[in-house]
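Notes for the structure review
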Amino acid sequence: MLMDAGYQAWFVGGCVRNALLDEPVADYDLSTNAHPDVVTGLAEASELKVIPTGIAHGTVTVIAENVPFEITTFRRDVATDGRRATVAFADTMAEDALRRDFTMNALYAGSDGRVIDPVGGLADLHARRFRFIEDADQRIKEDYLRILRFFRFYAWYGDVDAGIEPDGLAACASNIEGLQQLSVERVTSELLKLLAAPDPAPALSAFAATGGLAQILPGATAAILPVLVHVEKSAGLRPEPLRRLAVLGGNPKDAFRLSKPQVTVLDQIGSDMSHAEAAYRFGADIGTHRLAVEAAALGQELDLAEVAKIKDAANQTFPLTAADLMPALEGAALGKALKSAEQRWIASGFTLTKADLIG
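In this numbering scheme, every chain counts its residues from 1 along its sequence in written order. Local features are withheld for residues below a pLDDT of 70 in this predicted model, meaning they are given only at 70 or higher, and side-chain atom pairs are given and counted only at 80 or more; totals for whole chains, interfaces and linings count all residues. Note that the side-chain values use all heavy atoms of the structure and ignore hydrogens as well as water.

1. Structural notes on the packing of helix α15 (residues 275–282) against helix α17 (residues 304–314)
What counts is decided by this rule: Here an axis means a line fitted to C-alpha atoms, over the contact stretch when the element is a helix, while the angle between two N-to-C directions is reported on a 0 to 180 degree scale. Helix numbers and strand numbers start at the N terminus; a helix is a DSSP run of H or I with at least 4 residues, a strand a run of E with at least 2. An angle below 35 degrees is treated as roughly parallel, one above 145 as roughly antiparallel, one from 65 to 115 as roughly perpendicular, and anything else as oblique. Each crossing is labelled by how the near helix is turned from the far one, with a counterclockwise turn of less than a right angle marking it left-handed and a clockwise turn marking it right-handed. By definition in these notes, contact holds between two residues if any of their heavy atoms fall within 4.5 Å. The residue classification treats Ala, Val, Leu, Ile, Met, Phe, Trp, Tyr, Cys and Pro as nonpolar and Asp, Glu, Lys and Arg as charged. All others, Gly included, are polar.
In the contact formed by α15 and α17, the axes pass within 7 Å of each other and the chain directions differ by 40 degrees. As judged from the angle between their axes, α15 and α17 are oblique. The two elements α15 and α17 meet at a crossing, and its hand is right-handed. Between α15 and α17, the residues in contact are H275, A276, A279 and Y280 and I310, A313 and A314, respectively. Looking at the contact of α15 with α17, its residues break down into 6 nonpolar, 1 polar and no charged.

The structure is reproduced here in structure tokens:
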């Protein structure tokens, strides 16, 4: 659509990076010299759905064959305050590349598969090295969220054996107090993305060493996370950011903007009931989370026999109903008796029968 009208059109950012790394591609971003009103007009003329997702920043989303494509006009930063940028349209890809964060995220790909590398990102990609574009200190001051993004991308795509890029690490450490300028929502989102990586422990340890973890989650420590990751891998558990958040300590419910379901999961992981009861009441996942967190805290492997018991507990059905105790009991007394019987049944390892509980 864009090229037929005489405009440039380039895939850019994460989709190019991930395709070259043979990693899954989730989002499609396009960069163009066409302005948003032109993109909108062309899309509508092609009978494609257009969503004005970020007109002020030069972005519209075009839906083609049920796939959303974010199309953004070449941009350059006019002014930044560490949280957001005032941008103006640019004329060239080179200008557009310089306002991006990391060299690996400033690779452009044409419809023919040709890759354009304005800032030396291909060499960094092949080395799995996340490096800020030009001056790391300046890139961070443009948006302090780039500190968290630096560690998040390292967790997902970096070469752990080679270590984290030293200039970027030093720039993050010297600007770490800038995290206080960010919204809680943005910090929460980035941290959970970091914790969802296959092994976030090296990145989070480096982040903690800069003082960043203390900035966003006072009282937290990264010490137990590598043990938990080992426990997870040994037991074949999938990565779960909330399970990992639970072992950091501090008070994440106050520090971050979590959804009600996320808060519920943290409460269930941290509850003082037995693992079996937690699995019975909340499901096998919660019971397994608790087992894994406890094993990591004790420096032990996950007992697979206990995991099997958790799954069994999650499938249990309390054999007693209110009707079984009526009419002898009613109201509050009935509720109290049912609760007491349920606790005895759980304590028995779910072995007591209806007759045992009534008798």
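2. Let's talk about the sheet that holds strand β1 (residues 10–12)
Filter applied, for reference: By the convention used here, strands pair only if DSSP detects at least 2 bridges between them.
The 7 strands are arranged β3-β4-β5-β2-β1-β8-β9 in an open sheet whose pairing can be described as mixed. The sheet is open, and its two borders are formed by β3 (49–54) and β9 (115–116), each paired with just one other strand. As judged from the 6 bridges shared by strand β4 (residues 59–64) and strand β5 (residues 67–73), these two strands associate in the antiparallel manner. Residue pairing in the sheet places I63 in a bridge with P68 of β5. Helix α2 (residues 36–45) contacts β2 (28–32), β3, β4 and β5 of the sheet and is inclined by roughly 15 degrees relative to β4.

3. So, helix α9 (residues 201–209)
What counts here: Any residue under 20% of the maximum accessible area for its type is buried, any over 50% is exposed, and the rest in between are partly exposed; the area is computed with a 1.4 Å probe on protein chains only.
The complete set of buried residues in α9 reads A201, A203, L204, A206 and F207. Tucked inside the fold, the buried residues of α9 contact α6 (145–157), α7 (166–174), α8 (184–195), α10 (212–216) and α11 (225–235). Backbone geometry just downstream of α9 places G211 in the positive-phi region, at approximately 95 degrees.

4. Regarding the pattern of salt bridges
Here is the rule we go by: Basic side-chain nitrogens of Lys or Arg form a salt bridge, by our definition, when they fall within 4 Å of a carboxyl oxygen of Asp or Glu.
Taken as a whole, this structure holds 23 salt bridges when the rule is applied. With a shortest N-O distance of 2.8 Å, D124 and R131 are connected by a salt bridge. Given the relative accessible area of 28%, R131 is considered partly exposed. The closest approach of N and O atoms between R244 and E232, which form a salt bridge, is 2.8 Å. Within this pair, whereas R244 is found in helix α12 (residues 241–246), its partner E232 is found in helix α11, the two being separated by 12 residues in sequence. Of the residues examined, R244 reaches a relative accessible area of 1% and is grouped as buried. Salt bridges sharing partners connect three or more residues here, namely D101, R149, R152 and E190.

5. A word on the pairing of β4
Relative to β4, β3 runs antiparallel, the two being bridged by 4 bridges. Among the inter-strand pairings, K49 is bridged to a residue of β4, identified as I63. Counted between consecutive antiparallel strands, the loop separating β3 from β4 contains 4 residues, among which G58 sits at a positive phi close to 85 degrees. From the end of β4 to the start of β5, which pair antiparallel, there are 2 residues, and E65 there has a positive phi angle of about 55 degrees.

6. Let's talk about the packing of aromatic side chains
For clarity, the cut-off: Note on aromatic pairs: the rings of Phe, Tyr and Trp (six-membered ring only in Trp) are paired at centre separations within 6.5 Å, and the planes decide the class, stacked below 30 degrees, edge-to-face beyond 60, tilted for the rest.
The tally for this structure, following the rule as stated, stands at 17 aromatic pairs. Judged by centre distance (5.6 Å) and plane angle (85 degrees), the rings of F102 and F130 are edge-to-face. Residue F102 is located in the loop between α3 (93–98) and β8 (108–109), and its partner F130 is located in the loop between α4 (121–126) and α5 (136–142); the two are separated by 28 residues in the primary sequence. By relative accessible area, F102 is classed as buried at 0%. Aromatic pair F102 and F132: ring centres 4.7 Å apart, planes at 45 degrees, arrangement tilted.

7. Some points on the nonpolar core
For clarity, the threshold we go by: In this description, a nonpolar core means a group of buried Ala, Val, Leu, Ile, Met, Phe, Trp, Tyr and Cys residues linked to one another through side-chain atoms lying within 4.5 Å.
Counting residues in each nonpolar core, the largest one holds 80 residues, and the members touching the most others are I147, F151, L204, F207, L225 and L245. The element best represented in this core is α6, accounting for 9 residues. Those residues in contact with F151, other than ones at most four positions away along the chain, are I164, L169, C172, L194, A203, A206, F207 and T210.

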